[in-house]
Amino acid sequence: MEFISSIFSGVWSVIQTLPQNDWTKFIPEPNAVARLMQWFHGLIGNYGVAIIILTVILKIITMPLDIWQKYSMKKSSVKMKSLEKTIEKIDKQFANDKKRQNEEKQKLYKKNGYNALSSCLPMLATMAIFIIVFSGLNSYSAFINVNSYVILEKAYIEEYNKYLIDSPTGEWAVGMTEDQIKAYAKEKADVKVNVVFKDEVQEDFLWIKNIWRPDTWEKLLVNAEGFEKGSMGIPKLPDEAIGDPFVRDIYVSVRNAVIKANPGYFASFDEQGNMEKNSSGELKSGWNGLLILPIAAMGLAFLSSWVTQALQKKKGTTSVDPSAQTGKTMMIIMPLMMGVFGFMYTAAFAIYLVCNSLITLITTIALDRPIEIMVERKAVKKGEGVKESYKR
């Protein structure tokens, strides 16, 4: 009896349960668009598919504006073609007076009903939708990343504490030292965290391990410093959250448990086959993605701009058309902008970028000929001609 009593008294001394802190007020509140995305996900069941379907729906809704923009651009290109010779005369006549040259061109444009800004309104609407979607996905990403950790932390602490509390009477703890009991509790907590991560938290899509992290060399779960100070898709925690509820050691334990079972692409292992750790004791996770979405977003943005320029050039756009110069600029700016968003923000938004650019490319090609016919028929019906006299 004394032997058993001594074992129990020794085991009782290890019961130092982890604190269960209240995260409620530190979880970012998703905005209205994010809530809509959450509801839409409830219908579909997969965020990647939900984002694709939502992008298609938005494209269908904005299709009239898209057709209007393409129609305006085509109409302007045709009109500019008819003004080409007159513009060349103005360029020669006022070659040494750029101010007068521009004034005379504006008179010509006004008299012939040419407006370089006629297609800008639909573009502004497109940009507004872009910003709304970005805001929604960014807000929801912040909510998901923090809330997901809270779920994992709760599962870890509850499982860890359960085994510590059970240790004085549990047969599994007989003969174990304090360190062995804690190690056993941690092992069980690690298993529990991975089950919860796969069943309740993880949102993978195709090759992407975590859709709420970038499809790049970024990690499946950000390290403790990134979670504390803010990282891609994760807001900075307020000062009052540091220490309580955010405890760095607990975060490292939870993250290590997840990363160990989900190492990601190109993870580093030592000679014994164990994942390497940094100086803070955190496992060196592999990549969350393979750079496919950011590169695809850049490539499709460039291809879409190039096709638009090629079609305009083939059907009437000339070197004197201001829209041609704007198009060339956009061929550089748009891919760079898509690259920044694709690399710097979550894979969820990169999916939207790729899907949106692909649909834009397809509709640009599909609508080119029908819109050209519409412009030609309207010109014939109105009997539009070139009013070369631009002087008042």
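Residues numbered from 1 in each chain as written. Predicted model: local features only at pLDDT ≥ 70, side-chain atom pairs only at ≥ 80, totals over all residues. Heavy atoms only, no water.

As for the packing of helix H5 (residues 84-93) against helix H6 (residues 98-111)
For the pair H5 and H6, interaxial distance at closest approach is 9 Å and the crossing angle is 160°. With respect to their mutual orientation, H5 and H6 come out roughly antiparallel. The interaxial crossing formed by H5 with H6 has right-handed handedness. Packed against H5, whose contacting residues are Thr86, Ile87, Ile90 and Asp91, the element H6 presents Gln101, Glu104, Lys105, Leu108 and Tyr109 at the interface. Of the residues assigned to the contact of H5 with H6, the class counts are four nonpolar, two polar and three charged. (Axes fitted to C-alpha atoms, helices over the stretch in contact; angles between N-to-C directions. Helix = DSSP H or I, 4+ residues; strand = E, 2+ residues; numbered from the N terminus. Parallel < 35°, antiparallel > 145°, perpendicular 65-115°, else oblique. Left-handed = near helix turned anticlockwise from the far one by under 90°. Contact = heavy atoms within 4.5 Å. Nonpolar A, V, L, I, M, F, W, Y, C, P; charged D, E, K, R; others polar.)

Notes on the environment of Glu159
Considering the arrangement of structural elements, one finds Glu159 in helix H7 (residues 120-166). With 31 residues separating them in the primary sequence, Glu159 and Asp190 have C-alpha atoms 8.7 Å apart. Setting aside residues up to four positions removed in sequence, Glu159 forms contacts with Lys188, Ala189 and Lys192.

Remarks on the nonpolar core
Counting residues in each nonpolar core, the largest one holds 72 residues, and the members touching the most others are Trp23, Leu137, Ile211, Phe227 and Phe349. Leaving out residues up to four positions away in the same chain, Leu137 has contacts with Met37, Ile51, Trp212, Ala348, Phe349 and Tyr352. Of all hydrophobic cores here, the second largest spans seven residues; its members include Met80, Leu83, Phe94 and Tyr109. (Core = buried A, V, L, I, M, F, W, Y, C linked by side-chain atoms within 4.5 Å. Buried < 20%, exposed > 50% of the residue type's maximum accessible area, 1.4 Å probe, protein only.)

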